[in-house]
Amino acid sequence: MDKNKKNGNFYTVIYAAVMVIIVAVVLAFVSEFLKPRRDANIRQETRQTIMRSVHLEGRSYEKYITDTAAGPENLPLFICTLDDGTRKYIIPLEGKGLWGSINGYLALNDDFRTVYGAVFDHEAETPGLGAEISTPSFSDPFRGKSLYRGETFVSLSVVKPGKSAGNPNAVDGISGGTLTSRGVENMIRESLEPYIPFLRHYE
Amino acid sequence: MNKRIFLDPLFKNNPVSVLALGICSALAVTVKMEPALVMALSVTLVTGFSGFILSLLRNTIPDRIRIIVQLIVIATLVILVDQVLKAFAYPISKQLSVFVGLIITNCIIMGRIEAFALHNKPFHALVDGIANGLGYGIILVAVSFFRELFGSGTLMGYPLIPENWYVSAGGFYENNGLFILPPMALIVVGLIVWVFNARNAKKDKKAWNK
């Protein structure tokens, strides 16, 4: 192509405009086309995450879980009825990690004091460091921990790895992921606090 | 000619170890091998196809908005990769999280487009892009191999160090925490660069003596 024509103002502007329109159309089309699959993935994942918090991964969500709302503020609460009839109460958690939001589910036994199970997930924590909160090796030790010391609500502390032994209110954090671990600790306390006043009398 | 376009970027002109491009992301995603592999694959696709597309367009692109046009093509491809991963490989896309978006800023891609794709035929540009992506991948896999093995005691997520070796189980072994932190990535990359340079220098010397 002629060098001068190629570098003219008119050609440059038209070139940029056409290019952007083509790209926009392609991206909008692909995004719409893949949306159902993407949404299905996300919904499926949320449900399986909830099932994981009560150690029923891969089982039917509809069969075990009832969605409900609780308390004066209608906070979301999931009630899981196990095969033997005992109930577990699952509370959604939301908070901030190091790079983005983190979330999770904490399942409580029907005494509303001890933890039955926990799962965590994150949006953008560092792979291999903070992102490890989503692995079972981080979340499994939550089982059996207590939210109370005596009769006071103390939530759970996420402490330096290895320092939680023998402490019913603490779990091990992640080395190299201190800020994310701290985020988990804050998230649990802040998310549980609104539930505490009424949860103990909940039936 | 074709063979050299493909083979040179793998070792002799490796984008990371010889040209020192794309080092930032090589430090970021190499804590574990699996995300490193997916990252390498994604970058290979993006370098390959962005080179191909821009080489097709090379005679029509106005000089003054050359870089912008390159960025649009690269960004579009990266978004496509991200969307496809979210739809078909959701768990891995979650693991890579922000780093997929950061492929846009990977210097290898723009470097190869400026240096190669804009002056060569589309097919050659495609081969050059893929080869550079693979060259990047080789380094990523090598770095993540050492970091995951020594930092976490696993490879591809499978534990390799017997459980009872660990100090916590009464053994003698402990994972080296330094390996999962970025500084060790830099040191490992540095050692790999050293190996590559030593090897290339030897070859050059041989060629010289002949």
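Located above this text is the structure these notes cover.
Computed from a predicted structure; not experimentally measured.

About the thresholds
Residues numbered from 1 in each chain as written. Chains lettered and ligands numbered in written order. Predicted model: local features only at pLDDT ≥ 70, side-chain atom pairs only at ≥ 80, totals over all residues. Heavy atoms only, no water. Buried < 20%, exposed > 50% of the residue type's maximum accessible area, 1.4 Å probe, protein only. Helix = DSSP H or I, 4+ residues; strand = E, 2+ residues; numbered from the N terminus. Pairing = 2+ DSSP bridges. Contact = heavy atoms within 4.5 Å. Buried area = accessible area lost by both parts, 1.4 Å probe. Salt bridge = Lys/Arg side-chain N within 4 Å of Asp/Glu carboxyl O. Polar contact = N/O pair within 3.5 Å; in protein donor to acceptor, adjacent residues only side chain to side chain.

**Here's the deal with the pairing of strand β2 (residues 75-81) of chain A**
All names here are of chain A.
Right, on to step 1. β2 sits mainly inside the fold: five of its seven residues count as buried.
Right, on to step 2. Pairing analysis gives six bridges linking strand β1 (residues 65-70) to β2, with the strands arranged antiparallel. By the bridge assignment for β2, A70 is matched with L75.
Right, on to step 3. In sequence, β1 turns back onto β2 through a hairpin of four residues, with G71 there showing a positive phi of about 80°.

**Looking at the interface of chain A and chain B**
Right, on to step 1. Each side of the interface is counted separately: chain A has 33 residues, and chain B has 30 residues.
Right, on to step 2. Both faces considered, chain A and chain B share a buried interface measuring about 2700 Å² in area, 64% of it formed by carbon and sulfur atoms.
Right, on to step 3. The largest per-residue losses of area from chain A upon contact with chain B belong to Y15(A), M19(A) and P127(A), which jointly make up 20% of the total buried on that side.
Right, on to step 4. For the pair chain A and chain B, the number of links is one salt bridge.
Right, on to step 5. For K32(B), the salt bridge goes to E132(A), with nearest N and O atoms at 3.2 Å.
Right, on to step 6. Summed over the shared surface of chain A and chain B, the number is eight residue pairs in polar contact (both at pLDDT 80 or more).
Right, on to step 7. When residues of the side of chain A that touches chain B are traced back to their parent elements, those giving at least two are α1 (3-6), α2 (9-53) and β5 (115-122) of chain A.
Right, on to step 8. Broken down by element, the residue count for the side of chain A that touches chain B peaks at 17 residues, all from α2(A).

**Considering the pattern of salt bridges**
Right, on to step 1. Scanning all chains against the criterion turns up eight salt bridges over all chains.
Right, on to step 2. Measuring nitrogen to oxygen at the nearest pair gives 3.5 Å for the salt bridge that ties R113(A) to E151(A). A residue pair is termed long-range when its members are at least 10 positions apart, and R113(A) in the loop between β4 (101-108) and β5 and E151(A) in the loop between β6 (148-149) and β7 (152-153) qualify at 38 residues.
Right, on to step 3. On the basis of relative accessibility, which here comes to 55%, the residue E151(A) falls in the exposed class.
Right, on to step 4. Ionic pairing is found between D128(B) and R112(B), a salt bridge with its closest N-O pair at 3.0 Å. Placement of D128(B) in helix α8 (residues 122-152) and of R112(B) in helix α7 (residues 107-115) is noted, with a sequence separation of 16 residues between them. Like D128(B), the residue R112(B) is buried in the burial classification.

**Description of the pairing of β5(A)**
All names here are of chain A.
Right, on to step 1. Among the eight residues in β5, eight count as buried, and that is most of the element.
Right, on to step 2. Pairing of β4 with β5, which is carried by seven bridges, proceeds in the antiparallel orientation. Across the sheet, the residue bridging to Y105 is V119, located in β5.
Right, on to step 3. Between β4 and the antiparallel strand that follows it, β5, lie six residues; F112 among them carries a positive phi value of about 60°.

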